[in-house]
Amino acid sequence: MGWESELATIAPDLLEELGEKREPEKGLPALEGAGSVTMRFAPNPNGPPTLGSARGIIVNSEYARQYHGRFILRFDDTDPKTKPPLLDAYTWYLEDCRWLGAEPDEVILASDRIQIYYDHALELIEKGGGYVCFCSQREFKEYKDRGKPCPHRRDWVAFRVLDTPHPRPEIGDRYRVWPLLDFESAVEDHLLGITHIIRGKDLIDSEHRQQYIYRYFNWEYPLTLHWGRVKIHEFGKMSTSEIGAAIKTGRYTGWDDPRLPTIRSLRRRGIQSQALRKLFTELGVNETDIGLSMENIYGENRKMIDENARRYFFTPEPVRVIIKDAPPTMAKPLLHPPDPRRGHRKIPVKNEVLISREDAKKLKNNELIRLKDLYNIKITKINKTIEAEYEKGEINIIREKNGRIIHWAPPDGIKVEVLTPKGKESGIGEHEIVESIEQVVQFERYGFVRIDSIKNGIITAYLAHK
RNA sequence: GCUCCGAUAGUGUAGCUCGGCCAAUCAUGCAGGGCUCUCAAUCCUGCGACGGGGGUUCAAAUCCCCCUCGGAGCACCA
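Residues numbered from 1 in each chain as written. Chains lettered and ligands numbered in written order. Predicted model: local features only at pLDDT ≥ 70, side-chain atom pairs only at ≥ 80, totals over all residues. Heavy atoms only, no water.

Enquirer: Help me out: how do you make sense of the overall build of chain A in this one?
Expert: A count of helical and extended segments in chain A gives 14 helices and 24 strands. Expected size for 466 residues packed as a compact globule is a radius of gyration near 23 Å; at 30 Å, chain A overshoots this value by more than 25%. Looking at chain A as a whole, 46% of its 466 residues qualify as buried. Across chain A, every contact between residues at least 6 apart in sequence was considered, and the portion connecting residues at least 24 apart equals 67%. Accessible area of chain A: about 25200 Å², with a carbon and sulfur share of 49%. In chain A, the 72 positive side-chain charges and the 71 negative ones have mean positions that sit 7 Å from each other. (Helix = DSSP H or I, 4+ residues; strand = E, 2+ residues; numbered from the N terminus. Rg over C-alpha atoms; globule rule 2.2 N^0.38 Å. Buried < 20%, exposed > 50% of the residue type's maximum accessible area, 1.4 Å probe, protein only. Contact = heavy atoms within 4.5 Å. Areas by Shrake-Rupley, 256 points an atom, 1.4 Å probe, with all protein chains shown as cover. Lys, Arg positive; Asp, Glu negative; His and termini not counted. Charge placed at Lys NZ, Arg CZ, Asp CG, Glu CD.)

Enquirer: Would you explain the sheet that holds strand 19 (residues 404–406) in this entry?
Expert: In a beta sheet, neighbouring strands pair by backbone hydrogen bonds and run either parallel or antiparallel. One open sheet accounts for six strands, arranged 15-12-18-17-16-19; its pairing is mixed. Bordering the open sheet on either side are strand 15 (352–356) and strand 19, each of which pairs with just one other strand. Along the sheet, successive strands turn relative to each other by an average axial angle of 40 degrees, direction set aside. Both strand 16 (residues 368–371) and strand 19 contribute to a ladder of three bridges, which runs parallel. Across the sheet, residue Ile 369 finds its bridge partner in strand 19, namely Arg 404. (Pairing = 2+ DSSP bridges. Axes fitted to C-alpha atoms, helices over the stretch in contact; angles between N-to-C directions.)

Enquirer: When you look at the packing of aromatic side chains in this model, what are you seeing that I'm missing?
Expert: Two descriptors summarise a pair of aromatic rings, namely the distance from one centre to the other and the angle between the planes of the rings. Within the structure shown, the criterion is met by 19 aromatic pairs. Between the aromatic rings of Phe 217 and Trp 219, the centroid separation amounts to 4.5 Å while the plane-to-plane angle is 15 degrees, which identifies the pairing as stacked. Each member of the pair, Phe 217 as well as Trp 219, carries the same accessibility label: buried. These aromatic residues form a ring-pair network of at least three members: Tyr 118, Phe 159, Tyr 175, Trp 178 and Phe 183. A cation over a ring is seen here: Arg 345 above Phe 313, with NZ or CZ 4.7 Å from the ring centre. In this arrangement the basic side chain of Lys 466 is found over the ring face of Tyr 446, its NZ or CZ atom lying 4.8 Å from the centre. (Phe/Tyr/Trp six-rings, centres within 6.5 Å; stacked < 30°, edge-to-face > 60°. Lys NZ or Arg CZ within 6 Å of the ring centre and 35° of its normal.)

Enquirer: Explain unusual backbone geometry to me, please; I cannot follow it from the model alone.
Expert: Residues apart from glycine generally show negative phi values, whereas peptide bonds are mostly found in trans. A positive phi angle is found at His 68, which is not glycine, with a value near 55 degrees. Here His 68 is to be found in the loop between helix 3 (51–66) and strand 2 (70–75).

Enquirer: Teacher, can you tell me more about the domain arrangement of chain A here?
Expert: One widely used convention gives an interface's size as the accessible area the parts lose upon coming together. By domain assignment, chain A separates into domain 1 (38–300), domain 2 (318–406) and domain 3 (414–465). For domain 2 versus domain 3, the separation of C-alpha centres amounts to 21 Å. Taken together, the contact between domain 2 and domain 3 spans ten residues of the former and seven residues of the latter. Across the domain 2 to domain 3 interface the summed buried area is about 700 Å²; carbon plus sulfur atoms make up 41%. Its largest share of buried area at the contact with domain 3, domain 2 owes to Pro 318, Arg 345 and Lys 372, together 49% of the area lost on that side. For the interface between domain 2 and domain 3, the tally reads four salt bridges. Residue Asp 359 pairs with Arg 445 through a salt bridge whose shortest N-O separation is 3.0 Å. For the interface between domain 2 and domain 3, the tally reads five residue pairs in polar contact (both at pLDDT 80 or more). (Domains from an automatic or database assignment. Buried area = accessible area lost by both parts, 1.4 Å probe. Salt bridge = Lys/Arg side-chain N within 4 Å of Asp/Glu carboxyl O. Polar contact = N/O pair within 3.5 Å; in protein donor to acceptor, adjacent residues only side chain to side chain.)

Enquirer: What is the right way to look at the sheet that holds strand 3 (residues 106–109) in this model?
Expert: The strand order 1-2-3 describes an open sheet built from three strands, whose pairing is parallel. The open sheet terminates on both sides in strands that have one partner only, identified here as strand 1 (38–41) and strand 3. The mean inter-strand angle of the sheet, taken between neighbouring strand axes irrespective of direction, is 25 degrees. Sheet topology note: the strand 1/strand 2 ladder contains four bridges and is parallel. Pairing of Arg 40 across the sheet is with Ile 72, part of strand 2. Of the strands in this sheet, strand 1 and strand 2 touch helix 3, which is tilted by about 170 degrees from strand 1. Across the face of the sheet, helix 7 (residues 181–191) comes into contact with strand 1, strand 2 and strand 3 while running at roughly 155 degrees to strand 2.

Enquirer: Hey, could you run me through helix 7 in this one?
Expert: Within an α-helix, residues lying three or four positions from one another point in the same direction, as the helix has 3.6 residues per turn. A large share of helix 7 lies buried, amounting to eight of its eleven residues. Among all positions in helix 7, only Asp 182, Phe 183, Glu 184, Ser 185, Ala 186, Val 187, Glu 188 and Asp 189 are buried. Where helix 7 ends, the next residue or the one after it, Gly 193, has phi of about 70 degrees, a positive value.

Enquirer: Would you explain helix 8 (residues 204–217) in this entry?
Expert: Under the 1.5 Å per step criterion, the end-to-end length of helix 8 is 21 Å for 14 residues, consistent within 8% with the ideal 20 Å. Contacts made by the buried residues of helix 8 are with helix 5 (114–126), helix 7, strand 6 (196–200) and strand 7 (223–227). Backbone geometry just downstream of helix 8 places Asn 218 in the positive-phi region, at approximately 65 degrees. (Expected span 1.5 Å × (residues − 1).)

Have a look at this one:
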């Protein structure tokens with residue numbers, strides 16, 4: 001304890017310096033070799049972007065932005081057979097990039113550039129760096145099954161013949177010879193002037209193969225960084241093709257089903273793109289595999305949406321409460337308690353309200369309850385329908401007796417269906433919810449939801465989180 | 001099996017390059033409390049980690065070795 005005070009007297013400026021160095025750095029770590037920076041994100045569009053893609057989109061684009069460089073979105077859609085691209089997914093990637101604040105400076109479709117790969121393949125063959133193998137598939141498989149190398153093919157494969165037409169109508173069956181990722185990516189990264197590549201560590205081996213091409217052409221390979229797998233606790237392992245199949249069987253309602261880790265789903269639920277950006281830039285680039293909980297995202301998101309989210313009452317699985325001798329009145333709860341200037345909602349009440357089944361279950365006879373922003377009641381009978389008596393007096397009576405405050409909805413309120421990662425919940429909400437279509441609001445004592453739409457007098461909402 | 005990586009609180013992260021500012025950062029989480037007509041937000045307080053074992057050194061989260069655990073690759077997928 002002595003050295004600090006001593007240092008303060010003999011060299012106060014030195015002490016200040018100590019304090020400065022302890023400041024933790026925020027955001028992404030500096031990029032090595034960063035002069036001019038061009039980065040890309042190169043997905044196969046066989047499904048919409050997921051949380052995992054978001055990491056690639058956000059970190060690559062964020063680095064490009066930080067160094068005033070360029071960010072390229074490149075679709076590696078060169079396998080119409082095993083990983084056939086989904087036509088909608090091209091658009092989805094663009095939409096989601098935009099939503100994530102990562103508008104690409106350039107968009108490339110590998111399937112548009114097959115001729116370029118042919119040209120380079122020819123050149124490579126002429127340089128003696130490649131050759132054509134004429135073994136039939138059966139012969140090759142034979143060698144493979146016996147664990148022997150094909151006499152012609154001890155090397156990695158750059159192109160193969162596929163007779164499956166490409167899903168893009170403008171490509172269709174124009175090509176039979178398709179490049180594999182190693183070749184396509186190598187050539188493209190060079191042509192696009194990519195300076196830094198950040199991608200999954202599952203592609204480390206691919207890098208060795210790609211460098212082979214770079215040596216033949218005398219190109220300079222970009223600097224590479226790899227990250228481990230991100231596993232989200234709440235979502236098991238789900239491959240894009242598995243999800244696609246499950247959607248076809250009707251197990252999921254679509255790619256934006258709230259049970260799925262797609263960006264479209266999170267967006268529909270009211271997760272803010274800034275929450276994802278913050279999360280992934282703070283994760284940085286690390287080869288360790290990480291397990292994340294959605295709580296990390298929810299925590300960030302809650303702070304961002306709370307200051308705007310209007311408050312409403314919603315009672316899932318409603319139970320009727322008939323209040324004897326209640327004078328008709330108008331409840332006026334605040335739209336946003338932290339900021340009363342935003343005004344009130346208005347809910348007319350006669351002598352009956354709905355409360356959630358969960359609250360109803362906890363009621364006891366003779367219990368004094370506060371209906372939030374309405375009045376106090378005393379429970380007199382607990383049945384399928386609950387009976388109560390109107391109690392005069394203000395909230396302080398409840399406070400003094402340590403009573404509970406519960407929310408409620410008018411019996412003639414609007415039907416609401418909330419889609420959650422765990423399933424659907426139905427109930428009744430107050431009418432003014434219709435004024436917040438497409439907005440993120442808070443159902444008091446329930447959670448934050450995004451009001452998605454209204455159809456046939458029924459509101460559909462997606463749960464973001466508690 | 002072979003090759004290559006990695007391991008800091010419940011979770012994620014900073015620190016490791018170049019050993020002493022580390023009695024280890026920040027965020028989230030959890031617990032308790034204040035405020036509040038929400039179980040939200042907000043404010044305060046607290047909890048919680050260097051995988052194990054050796055070595056080098058005056059000094060090790062940091063350097064070296066071994067072990068354990070975890071991961072990735074070993075495709076005519078991306």
